[in-house]
Amino acid sequence: MSKNLVIGGLLAAVSAVGPLAAPAHAATPRTATQTAFTQAAPAQTTTASAARTRSAAAPLIHWGPVRSRAGHHGYAKADVWITRFSAETFVVSGSLHDRDAHGGHCAYVRARFHYIGGGTGWALPRTTCAPRSTFRLSSDGQIKRVDVKVCVVDRARRATLNCHSDAITPGIIANWPQ
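Note that the structure is a prediction, hence the values are computed from the model and not measured.

1. Examining the overall build of the protein chain
(1) Moving on: Scanning the protein chain for helices and strands turns up 4 helices and 9 strands.
(2) Moving on: Starting at the N terminus and ending at the C terminus, the protein chain contains elements arranged as α-α-α-β-β-β-β-β-β-β-β-β-α.
(3) Moving on: Within the protein chain, buried positions represent 35% of all 178 residues.
(4) Moving on: Within the protein chain, residue pairs in contact and separated by at least 24 positions form 57% of the contacts whose partners lie at least 6 positions apart.
(5) Moving on: Accessible surface, the protein chain: about 10400 Å² in total, of which carbon and sulfur atoms supply 54%.

Take a look at the structure:
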């Protein structure tokens, strides 16, 4: 197996599991990536255990791709997964793809949470200039709607371009297959 396939499998497993807790006796906190690379298990076993852990912890719903509008040089795309709306902390996660050939343009994703008790809040945006990167955006409580916004960001002008938002509500996903 090539190194790229093994590393890709490990990164997929790490992104599926999310951050792992560090042992209480650890001097410094370990990141999920460090934990995945220090495990002495083959990539297939790690991926299978990650799938079991994810399904046991909280079932995720695959919303699908959210893509910015196409511009002069390309677009940005996010493959979005969400938790159930009944979760205490709602999470939007997935992979962010920069499909813009212009060197100063990068992919940008942000979520706006509409809380059950009223009010809204924005998660901090995530950007990447790499072809693919993972992201995780979480709320501060239970929500009734989330708007996922994907844009191309111009780093030189510090401006977002070609944005597109998807509004996700419990009614939209109520009858989706499990």
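2. A word on the state of the cysteines
(1) Moving on: Per the stated rule, a full pass over the model turns up 2 disulfides.
(2) Moving on: One disulfide bridge connects Cys106 with Cys129, the sulfur atoms lying 1.7 Å from each other. Handedness here is read from the sign of the S-S torsion; for Cys106 and Cys129, about 75°, the answer is right-handed. Here Cys106 is found in strand E4 (residues 105-115), whereas its partner Cys129 is found in the loop between strand E6 (126-128) and strand E7 (133-138), with 23 residues between them in sequence.
(3) Moving on: Residue classification places Cys106 among the buried positions, given a relative accessible area of 2%.
(4) Moving on: The disulfide partner of Cys151 is Cys163, and the gap between their sulfur atoms is 2.0 Å.

3. Thoughts on the sheet that holds E7
(1) Moving on: Taken together, the 4 strands give an open sheet; going across it, the order is E1-E2-E3-E7, and neighbouring strands pair in antiparallel fashion. Two strands bound the open sheet, and with one partner strand each, they are strand E1 (61-67) and E7. Ignoring which end each strand starts from, the neighbouring axes of this sheet average 20° apart.

4. Overview of the nonpolar core
(1) Moving on: Formed by 26 residues in total, the largest nonpolar core has its most connected members in Val80, Ile82, Val92, Phe113 and Val146.
(2) Moving on: Elements with a contribution of two residues or more to this core: E1, strand E2 (74-82), strand E3 (91-100), E4, E7 and strand E8 (143-154).

5. Focus on the environment of Ser86
(1) Moving on: Tracing the sequence through the fold places Ser86 in the loop between E2 and E3.
(2) Moving on: What makes Ser86 exposed here is its relative accessible area of 58%.
(3) Moving on: With 56 residues separating them in the primary sequence, Ser86 and Gln142 have C-alpha atoms 6.9 Å apart.

6. Side note on the environment of Val80
(1) Moving on: Looking at the element boundaries, Val80 is found in strand E2.
(2) Moving on: Residue classification places Val80 among the buried residues on the basis of a relative accessible area of 0%.
(3) Moving on: Sequence-wise, Val80 and Gly94 are 14 residues apart; in three dimensions their C-alpha atoms are separated by 4.8 Å.
(4) Moving on: The contacts of Val80, once residues within four sequence positions are left out, are Ile61, His62, Trp63, Gly64, Val66, Val92, Ser93, Phe135 and Val148.

7. Section: the pairing of strand E9 (residues 159-168)
(1) Moving on: Pairing analysis gives 8 bridges linking E8 to E9, with the strands arranged antiparallel. In the sheet register, Val148 faces E9, and the bridge partner there is Asp166.
(2) Moving on: Linkage of E8 to E9, two consecutive antiparallel strands, is achieved through a turn of 4 residues, within which Arg158 is found at a positive phi near 55°.

Rules and cut-offs
Residues numbered from 1 in each chain as written. Predicted model: local features only at pLDDT ≥ 70, side-chain atom pairs only at ≥ 80, totals over all residues. Heavy atoms only, no water. Helix = DSSP H or I, 4+ residues; strand = E, 2+ residues; numbered from the N terminus. Buried < 20%, exposed > 50% of the residue type's maximum accessible area, 1.4 Å probe, protein only. Contact = heavy atoms within 4.5 Å. Areas by Shrake-Rupley, 256 points an atom, 1.4 Å probe, with all protein chains shown as cover. Disulfide = S-S within 2.5 Å. Pairing = 2+ DSSP bridges. Axes fitted to C-alpha atoms, helices over the stretch in contact; angles between N-to-C directions. Core = buried A, V, L, I, M, F, W, Y, C linked by side-chain atoms within 4.5 Å.

In short, geometric facts, not functional conclusions.
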